[in-house]
Amino acid sequence: MQRWRGLEAVPAGWGRSVVTIGVFDGVHRGHQELIGHAVARARERSLPSVLITFDPHPAEVIRPGTHPARLTSLRRRAELVAELGIDAFCVLPFTLELSRMDPATFAHEVLVDRLHAAEVVVGKNFTFGHKASGDVATLTELGRRFGFTVLGLDLISDHDITFSSTYIRSCIDAGDVAAARAALGRPHRVEGVVVHGAKRGRQLGFPTANVATPPYTALPADGVYAGWFVIKDRSLPGAISVGTNPTFSGRERTCEVYVLDVNEDFYGFDVAVEFVERLRGMERFDGIEPLIEAIQRDVQRTREILS
């Protein structure tokens, strides 16, 4: 898959293509359906497929300070859409200038002049242009003018729940990582680097990898979870603690993983943490022994869930 940042990175002589547009944060089941249609339409036409996404999130540019929690990094997003068969991953830097483009200018400069779109595949709720003034009907009319067709797809739902990034963020914020997993089609993943912590886990007999995550990362609600610690090409079972360590009157919110049955030095490595199921909320214990007993139960339940 080709990866471009900015329209100036589109290769000279790029021919016609099938394009899909969106933030695609999470690449959830609804996104997967949409992207799958774009890939299928491109193959039917013997054309390459192009996915357009934006960085930073448009909300942060239009209303600074409102950046939603990030479900996937750009790198992870690219990996996931490549698995779905997309041929080119195009990141448009989202600027105030871009936000002020009217729909016709966006369609002409982005879709026609640079990507030579033959067809554009979007969701029925798609909006674009200044103050979201364009919708699927607008895009369809512009397609008639500029020479491309438009396919607007219904949103994917299950049991009256429509899959969306907003819905998944709300699940994660509530600690319901099982519901998030169902909507994503895989466990929710956060990425970061292993850094030195207070080393309390080591003193308790459960050494943890302290994972520092980038700004805006969608960390689940405080609590203990069963999940996977992903390092390079290995997925290792782990009991994950998210919170401030109230037993020790902690203040800084951390994500720590006790990796089962492995005694390795992970400091400095880029890793990922995948949340499978919530075990319990974060608790304050009256002493070390009750805490150790709780951790032992967490580890046993993690083994059972991940087996």
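Criteria and thresholds
Counting of residues starts from 1 at the beginning of each chain's written sequence and follows it residue by residue. Residue-level local features of this predicted model are given only where pLDDT is at least 70; pairs of side-chain atoms are given and counted only at 80 or more, and the full residue set underlies all totals for whole chains, interfaces and linings. To obtain the side-chain values, all non-hydrogen atoms of the structure were included, while hydrogens and water were left out. In this analysis an axis means a line fitted to C-alpha atoms, helices contributing only their contacting stretch, and an angle means the value between N-to-C directions, from 0 to 180 degrees. Helix numbers and strand numbers start at the N terminus; a helix is a DSSP run of H or I with at least 4 residues, a strand a run of E with at least 2. Should an angle fall under 35 degrees it is called roughly parallel, over 145 degrees roughly antiparallel, and 65 to 115 degrees roughly perpendicular, with every other angle called oblique. Left-handed describes a crossing whose near helix is turned anticlockwise from the far helix through less than a right angle; right-handed describes the clockwise counterpart. Here, residues are in contact when the closest pair of their heavy atoms is within 4.5 Å. All amino acids are sorted into three groups, where Ala, Val, Leu, Ile, Met, Phe, Trp, Tyr, Cys and Pro are nonpolar, Asp, Glu, Lys and Arg are charged, and the leftover types, Gly among them, are polar. Here the rule is simple: two strands pair whenever DSSP picks up at least two bridges between them. Pairing of aromatic side chains here covers Phe, Tyr and the six-membered ring of Trp, requires ring centres within 6.5 Å, and sorts the geometry by plane angle: under 30 degrees stacked, over 60 edge-to-face, intermediate tilted. A simple rule labels every residue: compare its accessible area, found with a 1.4 Å probe on the protein chains alone, to the largest value its type can have, and call it buried under 20%, exposed over 50%, or partly exposed in between.

Asks: Before we go on, may I ask you to explain the packing of helix H5 (residues 103–114) against helix H6 (residues 136–146) in this structure?
Replies: At a closest axis distance of 10 Å, the pairing of H5 and H6 adopts a crossing angle of 55 degrees. One way to sum up the angle between H5 and H6 is to call them oblique. The two elements H5 and H6 meet at a crossing, and its hand is right-handed. Contacts from Pro103, Ala104, Ala107, His108, Leu111 and Val112 in H5 reach Thr138, Leu139, Leu142, Arg145 and Phe146 in H6. For the contact of H5 with H6, the per-class residue count stands at 8 nonpolar, 2 polar and 1 charged.

Asks: Help me understand the sheet that holds strand E2 (residues 17–21), please; the structure alone is not making it clear to me.
Replies: Paired through backbone hydrogen bonds, the strands of a sheet run either parallel or antiparallel to each other. One open sheet accounts for 6 strands, arranged E1-E4-E3-E2-E5-E6; its pairing is parallel. In this open sheet, the two strands that pair with only one neighbour each are strand E1 (2–5) and strand E6 (149–153). Between one strand axis and the next, the sheet turns through 20 degrees on average, direction left out of account. Of the strand pairs in this sheet, E1 and strand E4 (residues 88–93) are connected by 4 bridges, and their pairing is parallel. Bridged to Arg5 within E4 is Val91.

Asks: Sorry, what's going on with the packing of aromatic side chains here?
Replies: Any pair of aromatic rings gets described here by the distance separating the centres and the angle formed by the planes. Following the criterion strictly, the structure yields 7 aromatic pairs and no others. Residues Tyr225 and Phe275 carry aromatic rings whose centres are separated by 5.3 Å and whose planes lie at 85 degrees to one another, so their mutual orientation is edge-to-face. Of this pair, Tyr225 sits in strand E11 (residues 223–231) while Phe275 sits in strand E14 (residues 270–281); the two residues are 50 residues apart in sequence, bridging distant segments of the chain. Of the residues examined, Tyr225 reaches a relative accessible area of 0% and is grouped as buried.

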